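# Descriptive structure summary
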Amino acid sequence: MLKYISADELAAIIKSDKVPGKDYCVIDVRDDDWAGGNIKGAQNAPSSQFYVHVHDLVQKTKSVPTVVFHCALSQVRGPKAARIYAEARDQLEGDGEDIPHQVLVLQGGFSDFQAKYKDDPELVENWSKEVWGNPEWL
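Not measured: the values here are computed from a predicted model.

## Concerning the overall build of the chain
- Regarding its fold elements, the chain presents five helices and seven strands.
- Across the chain, helices and strands are ordered from the amino to the carboxyl terminus as β-α-β-β-β-α-β-α-β-α-β-α.
- For the chain, whose C-alpha radius of gyration is 14 Å, the value lies close to the compact-globule estimate of 14 Å for 138 residues.
- Its C-alpha atoms put the chain at 50 × 35 × 25 Å along the principal axes.
- Counting over 138 residues, the chain shows a buried share of 45%.
- The long-range share in the chain, meaning contacts at least 24 apart out of those at least 6 apart in sequence, stands at 70%.
- With 15 positive and 22 negative side-chain charges, the chain shows a spacing of 2 Å between the two charge centroids.

Structure, rendered in structure tokens:
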């Protein structure tokens, strides 16, 4: 079963003394909708190619204890990628090649996160008013 993390909880981790890429990482699986802003330091791993590249991502992040996934709304792409990734990490851990870890999904995705934190440069980068100022697709 997937576990979720709130925008406030993720913001607290990012603003803490935890080191991105070592203590935690954020994986954004948006595709073309990656343009217009992202969580600071997030890695883009497009959902359209995720399954093909999941093992590379696991190898790069297998020493990271907390991995947070999201897409625009975290309703389909983010949770699906988190499940695929978690299965691959769990297999490594079962084989004794990984550390204990948690895979989380950001509640509300980037849409909710940017709505709350778009003006905080410690949390959001590359934010575009043209993209998010009046999003018709939400």
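After that view of the structure, there is still more to cover.
## A word on the pairing of strand β2 (residues 24–28)
- Most of β2 sits inside the fold, with five of its five residues counted as buried.
- Neither face of β2 is left uncovered, since the one carrying Tyr 24, Val 26 and Asp 28 and the one carrying Cys 25 and Ile 27 both have all their residues buried.
- Pairing of β2 with strand β5 (residues 66–70), which is carried by five bridges, proceeds in the parallel orientation. Its bridge partner being in β5, Asp 28 is matched across the sheet by His 70.
- Pairing between β2 and strand β4 (residues 43–44): two bridges, direction parallel. When the bridges of β4 are listed, Ile 27 appears paired with Gln 43.

Procedures and definitions
Residues numbered from 1 in each chain as written. Predicted model: local features only at pLDDT ≥ 70, side-chain atom pairs only at ≥ 80, totals over all residues. Heavy atoms only, no water. Helix = DSSP H or I, 4+ residues; strand = E, 2+ residues; numbered from the N terminus. Rg over C-alpha atoms; globule rule 2.2 N^0.38 Å. Buried < 20%, exposed > 50% of the residue type's maximum accessible area, 1.4 Å probe, protein only. Contact = heavy atoms within 4.5 Å. Lys, Arg positive; Asp, Glu negative; His and termini not counted. Charge placed at Lys NZ, Arg CZ, Asp CG, Glu CD. Pairing = 2+ DSSP bridges.

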